[in-house]
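In case you want the letters, here they are:
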Amino acid sequence: MSVPYKIYLSEGEMPKAWHNIQVLMPDIPGFVNPANGQPVPKEGLLGVFCEETIGQELNKSDEFIPIPDEILSFYSMYRPSPVVRAYCLEKALGTPAKIYYKFEGNNTSGSHKLNSAAAQAYYAKKQGLKGVTTETGAGQWGSALSMACAFFGLDLVVYMVKTSSEQKPYRKVLMETYGAKVIPSPSSTTDVGKKILVENPGTGGSLGCAISEALETAAKSDGYRYVLGSVLNHVVLHQSIIGLEAKLALEKYDITPDVIIGCAGGGSNLGGLISPFMADKLRGKSKAEFIAVEPASCPSLTRGRYAFDHGDTGKMTPLIKMYTLGSGFIPSPNHAGGLRYHGMSPIVSKLYDDGHISAKSYTQSDVFNAAVMFARTEGTLPAPESSHAIKAAIDEAVACKKSGEAKTILFGLTGTGYFDMTAYQNFNAGDMNDYIPTDADLEKGFATLPVLPNV
Ligand SMILES: *Cc1c(COP(=O)(O)O)cnc(C)c1O
């Protein structure tokens, strides 16, 4: 066996710059003002976001952006993450395919989100801010940002989607242990939260609502800005560390993936994983296939529209062109964990619209069956979100068994399932709900899409 179970980079081999795929996507649309349909200038974003990250958001000229030393040393505490050859899963499937996964769950927050949390907390501190606000769905982003804010010395207020805060009480304790203030959303601490509570009494909340609350609180608090854990281009940029490490590790053994798979909530892990591989493809140097996997209950790519939309339910953000279910779409509260966002990263959306990425969706039961098979063969208990990618990788490998092709598959195992015991408990008890929105349900969300004056 020439390829080891785990491929690590040595310290000297670690990437020192992030990869900015936007350089190869010159016609990707930017932020638009809903009032007049015109692009939002950089100055219009300064009151909301940190300055350095806005620069990264809009950067279409530098393919590689150096990672500051402070962030590199934070990364050194938990990176590199391993690329693992799933020999045991391959054997159980009886497939000729070679399956690799990049595992991002080996840090206390339990997911890839720490890669961007570290960067955003560092830039906020460098700008002299007192604190930041954010939202969290399943809790991984809030946990990651709590860790990063504790490390760099920033205050943090987290609006946590109410259903998740009830399903995952220990996530809240984790965030509080790192010093964050956690508020279940929708809440009565903001005007937008109060309004949502009046309109949808008893709602379990959504990421879109929590974002509106975090934005409002940032705008009302001196020395605060809002930070986001996915979707935006600068988050995909920070997550490119996943793809860069994976590519370097595989190249050590002359391995070139034929298929690259990632789960897609807001699109940041997928965008980051594929970034350097996609650059090769866009330059005609690779024929790799890319697959985005989403839950059937929140199908932004597979059933959404490519349109200008708000990033939040309260319609406070500028418009971004993305695949979306409409900012008024509230996903089923029965859905486990993350991947519940109405929209999709503009980078991933554009690559999908241009035909460079394909997309699939699966029901929760299918995803948890794959998760359990993975846990029992590979040992690692996967996060429900990550298990969407596992399911797609298994399906690819089973197709290889039928066709006799020995494809090389790489997928992103974005996190651990330690904090998802309620979901596993429901699955084990046979209580998993496979809700799929009807076309009529989706129409209600599409009806909330903004109508633009000039675009
Ligand atoms: C947040 C999260 C995701 C989805 O977010 P993306 O921005 O789409 O990457 C996937 N897996 C895990 C473990 C997460 O925490």
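Below: a short report on this structure. Note that this is a predicted model, so its numbers are computed, not measured.

1. Overview of the packing of aromatic side chains
Then step 1. With the rule as written, the count across this model stands at 16 aromatic pairs.
Then step 2. Between Tyr 323 and Tyr 352 the ring centres are 5.0 Å apart and the planes differ by 80°, which places this aromatic pair in the edge-to-face class. Of this pair, Tyr 323 sits in strand S13 (residues 319–324) while Tyr 352 sits in helix H13 (residues 346–353), placing them 29 residues apart in sequence.
Then step 3. By relative accessible area, which is 10% here, Tyr 323 ends up buried.
Then step 4. One aromatic cluster in this structure is built from Phe 74, Tyr 75, Tyr 78, Tyr 122, Tyr 123, Phe 151 and Phe 152.
Then step 5. Across from the ring centre of Phe 446, 4.0 Å away, lies the NZ or CZ of Arg 305, which sits over that ring.

2. Thoughts on the environment of Ala 279
Then step 1. Structurally, Ala 279 can be placed in helix H11 (residues 268–282).
Then step 2. Look past the residues within four positions of Ala 279 in its chain and what remains in contact with it is His 19, Ile 21, Leu 24 and Glu 63.

3. Re the side chain of Asn 59
Then step 1. Position of Asn 59 relative to the elements: it lies in the loop between helix H1 (51–58) and strand S3 (64–66).
Then step 2. Sequence-distant contacts of Asn 59, defined by excluding residues within four places in its chain, comprise Asn 20, Gln 22 and Ile 65.

4. What to know about the side chain of Glu 396
Then step 1. If you trace the backbone, Glu 396 turns up in helix H15 (residues 384–403).
Then step 2. Ignoring sequence-local partners within four residues, the contact set of Glu 396 consists of Val 259, Ile 261, Ile 291, Lys 407 and Ile 409.

5. A word on unusual backbone geometry
Then step 1. With omega at 0°, the peptide bond leading from Arg 79 into Pro 80 counts as cis.
Then step 2. The residue Pro 80 is located in the loop between helix H2 (69–78) and strand S4 (83–85) in this model.
Then step 3. Of note, the amide linkage connecting Ser 185 to Pro 186 takes the cis form, showing an omega dihedral of 5°.
Then step 4. Relative to the helices and strands, Pro 186 resides in the loop between strand S8 (181–185) and helix H8 (191–199).
Then step 5. The phi dihedral of Asp 254 falls on the positive side, at around 55°, and the residue is not glycine.
Then step 6. For Asp 254, the location among the structural elements is in the loop between helix H10 (233–251) and strand S10 (259–263).

6. Topic: the sheet that holds strand S7 (residues 155–161)
Then step 1. If you walk across this open sheet you meet the four strands as S8-S7-S6-S9, and the pairing is parallel. Of all the strands in the sheet, just S8 and strand S9 (224–226) have a single pairing partner and so form its edges. Adjacent strand axes in the sheet meet at a mean angle of 20° when their direction is disregarded.
Then step 2. Against the sheet, helix H9 (residues 207–220) contacts strand S6 (131–136), S7, S8 and S9, and its axis sits at roughly 165° relative to S6.

7. Remarks on the environment of Val 348
Then step 1. Of note, Val 348 is situated in helix H13.
Then step 2. Of the residues examined, Val 348 reaches a relative accessible area of 0% and is grouped as buried.
Then step 3. Setting aside residues up to four positions removed in sequence, Val 348 forms contacts with Gly 267, Leu 270, Gly 271, Leu 301 and Ile 357.

So, how was this worked out
- Within every chain, residues take consecutive numbers counted from 1 along the sequence as written.
- The predicted origin of the model limits local features to residues at a pLDDT of at least 70 and limits the giving and counting of side-chain atom pairs to 80 or more, whereas totals for whole chains, interfaces and linings rest on all residues.
- The side-chain quantities take in all heavy atoms of the structure and omit both hydrogens and water.
- Within 6.5 Å between ring centres, the rings of Phe, Tyr and Trp (the latter by its six-membered ring) count as paired, and their orientation is classed by plane angle as stacked under 30 degrees, edge-to-face over 60, tilted in between.
- Working definition: helices are DSSP H or I runs of at least four residues, strands are E runs of at least two. Numbering for both runs from the N terminus.
- Here the term buried applies to any residue with accessible area under 20% of the maximum for its type, exposed to any over 50%, and partly exposed to those in between, with areas from a 1.4 Å probe on protein chains only.
- A ring is considered to have a charge above it if a Lys NZ or an Arg CZ atom is located within 6 Å of its centre and within 35 degrees of its normal.
- Here a residue-residue contact requires only that any non-hydrogen atoms of the pair lie within 4.5 Å.
- The pairing criterion for strands is at least two bridges between them, as found by DSSP.
- Geometry is summarised by axes, namely lines fitted to C-alpha atoms with helices restricted to the contacting stretch, and by angles between N-to-C directions that run from 0 to 180 degrees.

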